[in-house]
Each structure stands twice: as C-alpha cells, then as structure tokens.
Amino acid sequence: MLDTEHLYGDSQDLSAGALAWSVSPGAPRRVVAVLLHASTTITETVKVTIDSVAGANYDTLIRSVGLSAEQDFAWFPEGDVILAQDDILKVECTQANTTGVVYPTVIFERISGK
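Residues numbered from 1 in each chain as written. Predicted model: local features only at pLDDT ≥ 70, side-chain atom pairs only at ≥ 80, totals over all residues. Heavy atoms only, no water.

## Overview of the pattern of salt bridges
So, point 1. Counted under the stated rule, the structure contains five salt bridges.
So, point 2. Ionic pairing is found between Arg 29 and Glu 5, a salt bridge with its closest N-O pair at 2.6 Å. Note that Arg 29 is positioned in strand 4 (residues 29-42) and Glu 5 in strand 1 (residues 4-8), a separation of 24 residues in sequence. Each of the two residues, Arg 29 as well as Glu 5, counts as buried. (Salt bridge = Lys/Arg side-chain N within 4 Å of Asp/Glu carboxyl O. Helix = DSSP H or I, 4+ residues; strand = E, 2+ residues; numbered from the N terminus. Buried < 20%, exposed > 50% of the residue type's maximum accessible area, 1.4 Å probe, protein only.)

Next comes the structure, spelled out in structure tokens:
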C-alpha cells in the first residue's frame, strides 16, 4: 500500500489569469499523479515542471499537454519522478480562452525512511 499525501492547490478563475501553482513536498517524495479539473470544458495547455533546488540550469519541463474541449487532465508518471526535499513542482494552465475555473491536485508518495 502506498503512503500518499494529496496536496490541493487554490482554484484559479481563468477569466482573471492563468494558473501558476507551485508546491514543495518538504521532504523527498515520488510524484504519483498530477490532476487538474476544470469547471467547464477548456482548451488550454497544462504544464508540469520541476523547479530544482540545484538551480535554474536543472529545472525540467516533465509534461506539457494541450487540452481541447476537455474538463480533466490526469498524469500518472510511468517511471519514477522523485523530488528532492527543497524541489518545487509547478503546475501551470494557460488562459488562452479565458473561461472556467481550474482546480489542481498533486499526489505524492512518501519515500520510506524520509
């Protein structure tokens, strides 16, 4: 059984601006899932980036998906995506079509002994 924690971001009304949510797990964690739900169908781009504690040269875009008239984004990494204690996971959603409210969630697995 996974030892997981769910972190919920603040909702973002896309008519007011794009979503730019950052979360730091505070300890080494494995990313289990990144989820984004919209109040209505949206046509936007969702990006997931690791903002590395080692500096900007190590920041990595790990997922970018264009949604077209969709209400949900769900990404379950096929391999291990491990964040260091002070790494930050960024979840962004464009506001090209300025409609809808989005609700981000990240599910982390606690790494045993950490």
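## Things to note about the environment of Thr 41
So, point 1. Mapped onto the secondary structure, Thr 41 falls in strand 4.
So, point 2. Since its relative accessible area comes to 41%, Thr 41 is described here as partly exposed.
So, point 3. With 36 residues separating them in the primary sequence, Thr 41 and Glu 5 have C-alpha atoms 27 Å apart.
So, point 4. Not counting the four nearest positions on each side in its chain, Thr 41 is found in contact with Ala 69, Glu 70 and Gln 71. (Contact = heavy atoms within 4.5 Å.)

## A few points about unusual backbone geometry
Negative phi characterises most residues that are not glycine, and trans characterises most peptide bonds.
So, point 1. Backbone geometry places Ala 69, a non-glycine residue, at a positive phi of 55°.
So, point 2. Residue position: Ala 69 is located in the loop between strand 6 (60-66) and strand 7 (70-75).
So, point 3. You can call Ala 69 exposed: its relative accessible area is 51%.
So, point 4. Within the chain, Thr 98 stands out as a residue other than glycine whose phi angle is a positive 40°.
So, point 5. Judged by relative accessible area, which is 41%, Thr 98 ranks as partly exposed.

## Comments concerning the sheet that holds strand 5 (residues 45-51)
Hydrogen bonding along the main chain pairs the strands of a sheet, whether they run parallel or antiparallel.
So, point 1. The strand order across the open sheet formed by four strands is 3-9-5-6, and the pairing between neighbours is antiparallel. On the outer flanks of this sheet lie strand 3 (19-23) and strand 6, each paired with one strand and no other. Neighbour to neighbour, the strand axes of the sheet diverge by 15° on average, direction disregarded.
So, point 2. As defined by bridge partners, strand 5 adjoins strand 9 (residues 88-93) across six bridges and the pair is classed as antiparallel. By the bridge assignment for strand 9, Val 48 is matched with Val 91. (Pairing = 2+ DSSP bridges. Axes fitted to C-alpha atoms, helices over the stretch in contact; angles between N-to-C directions.)

## So, the environment of Phe 76
So, point 1. Within the fold, Phe 76 resides in the loop between strand 7 and strand 8 (82-83).
So, point 2. Its relative accessible area of 52% is what places Phe 76 among the exposed residues.
So, point 3. In this structure, Phe 76 is in contact with Val 32, Ala 33 and Leu 35, ignoring residues within four places of it in sequence.

## Section: the pairing of strand 10 (residues 101-110)
So, point 1. The element strand 10 is extensively covered by neighbouring structure, given that seven of its 10 residues are classed as buried.
So, point 2. Bridge analysis of strand 1 against strand 10 gives five bridges, and the strand direction is antiparallel. Bridge pairing links Leu 7 to Val 106 in strand 10.
So, point 3. One ladder, built from two bridges, connects strand 2 (residues 12-13) with strand 10; its direction is antiparallel. Residue pairing in the sheet places Asp 13 in a bridge with Val 101 of strand 10.

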